[in-house]
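Topology and contacts: notes
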Amino acid sequence: MIDRTRPLAVFDLDGTLADSSHRQRFLDRRPRDWEAFFAAAPADPPLSEGVTLCRDAAKECEVVYLTGRPERCRDDTVEWLAAQGLPDGPVHMRRNDDRRPARLTKLELLRRLGRGREIRMLVDDDELVCDAAEQAGFRVVRARWTGASEALKDAQEHEGRT
């Protein structure tokens with residue numbers, strides 16, 4: 001049963017909880033190989049900093065996962081979260097045909113989630129998403145525990161793929 005009085009802690013996946021660096025090579029080529037990029041996601045190692053923060057947040061908050069991964073990756077994503085022992089929580093994913101920048105899609109969903117619920121924090125590695133969320137009044141924890149990929153940043157902003 002969901003306790004709607006608990007605040008929400010919203011966590012991104014790639015670069016925040018999941019180390020996607022091993023699959024960046026699929027984005028460094030032209031054309032980018034999105035199928036291979038997402039197919040390799042189940043092999044992502046967990047990022048200990050993000051996992052620890054998520055587990056700690058679950059003590060006081062309902063955990064919600066907010067990812068730019070497309071909906072077609074749902075089964076792999078849910079299985080990965082469970083395999084890491086991460087808290088149960090709804091997983092919000094991008095529609096398969098949604099190519100808007102992550103800073104727009106995530107902010108839209110944050111606003112929807114925040115109607116009638118406190119959002120204690122958003123934890124994300126995408127600086128543009130973090131900037132937009134802070135400007136909208138959300139408390140942000142910037143996941144800076146991995147190196148940023150220029151190809152991934154470009155894909156998030158210009159291709160709306162993750």
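Note that the coordinates shown come from a computational prediction; the quantities given were computed from them, not determined experimentally.

1. So, the pairing of strand 3 (residues 91–94)
As paired elements, strand 2 (residues 62–70) and strand 3 share 3 bridges and run parallel to each other. Pairing of Leu66 across the sheet is with His92, part of strand 3. At this point the chain moves from strand 2, through helix 3 (residues 74–83), to the parallel strand 3, and the crossover so formed is right-handed.

2. What to know about the nonpolar core
Grouped together as the largest cluster of nonpolar side chains are 28 residues, with contacts concentrated most on Phe11, Leu17, Cys54, Tyr65, Leu81 and Leu86. Sorting the residues of this core by element identifies strand 1 (8–11), helix 1 (34–39), helix 2 (48–57), strand 2, helix 3, strand 3 and strand 4 (119–124) as the ones contributing at least two each. For this core, the leading source of residues is helix 1, giving 4 residues. In this structure Leu86 touches Leu17, Val51, Cys54, Tyr65, Trp80 and Leu81, once residues within four positions along its chain are discounted. Grouped together as the second largest cluster of nonpolar side chains are 17 residues, Leu109, Ala132, Ala133 and Val140 included.

3. Quick look at the layout of surface pockets
Volume-wise, the second largest pocket comes out at about 210 Å³. In terms of lining residues, the second largest pocket is bounded by 14 residues, among which Met93, Arg94, Asp98, Thr105 and Leu109 are the most central. Secondary-structure elements contributing two or more residues to the lining of the second largest pocket are strand 2, strand 3 and helix 4 (102–113). With 5 residues, helix 4 is the single largest residue contributor to the lining of the second largest pocket. Residues that form the lining of the second largest pocket fall into these classes: 3 nonpolar, 4 polar and 7 charged.

4. A look at the sheet that holds strand 3
One open sheet holds the 5 strands; their spatial order is 3-2-1-4-5, and the pairing between them is parallel. Two strands in the sheet have a free side with no partner beyond their single neighbour: strand 3 and strand 5 (140–142). Neighbour to neighbour, the strand axes of the sheet diverge by 20 degrees on average, direction disregarded. Note: strand 1 against strand 2, 4 bridges, orientation parallel. Counted as the bridge partner of Phe11 is Tyr65 from strand 2. Running at roughly 160 degrees to strand 1, helix 2 makes contact with strand 1, strand 2, strand 4 and strand 5 of the sheet.

5. A few points about helix 2
Within the sequence span of helix 2, burial applies to Gly50, Val51, Cys54 and Ala57. For helix 2, the angular spread of buried residues about the axis comes to 130 degrees, placing them on one side. Lining the buried residues of helix 2 we find strand 1, strand 2 and strand 4.

6. Focus on the side chain of Arg32
One can find Arg32 in the loop between strand 1 and helix 1. At 2.9 Å, the side chain of Arg32 and the backbone oxygen of Leu27 are in polar contact.

Each value, and the rule that gives it
Residues numbered from 1 in each chain as written. Predicted model: local features only at pLDDT ≥ 70, side-chain atom pairs only at ≥ 80, totals over all residues. Heavy atoms only, no water. Pairing = 2+ DSSP bridges. Helix = DSSP H or I, 4+ residues; strand = E, 2+ residues; numbered from the N terminus. Right-handed = clockwise from strand over helix to strand, strands pointing away. Core = buried A, V, L, I, M, F, W, Y, C linked by side-chain atoms within 4.5 Å. Buried < 20%, exposed > 50% of the residue type's maximum accessible area, 1.4 Å probe, protein only. Contact = heavy atoms within 4.5 Å. 1 Å grid on protein atoms, 1.4 Å probe; cavity = no way out; pocket = protein on both sides within 12 Å on 5 of 7 lines; lining within 4 Å. Points joined across faces, edges and corners; volume = space filled by probe spheres on them. Nonpolar A, V, L, I, M, F, W, Y, C, P; charged D, E, K, R; others polar. Axes fitted to C-alpha atoms, helices over the stretch in contact; angles between N-to-C directions. Arc of directions from axis to C-beta. Polar contact = N/O pair within 3.5 Å; in protein donor to acceptor, adjacent residues only side chain to side chain.

Any link to function would need more than the numbers given here.
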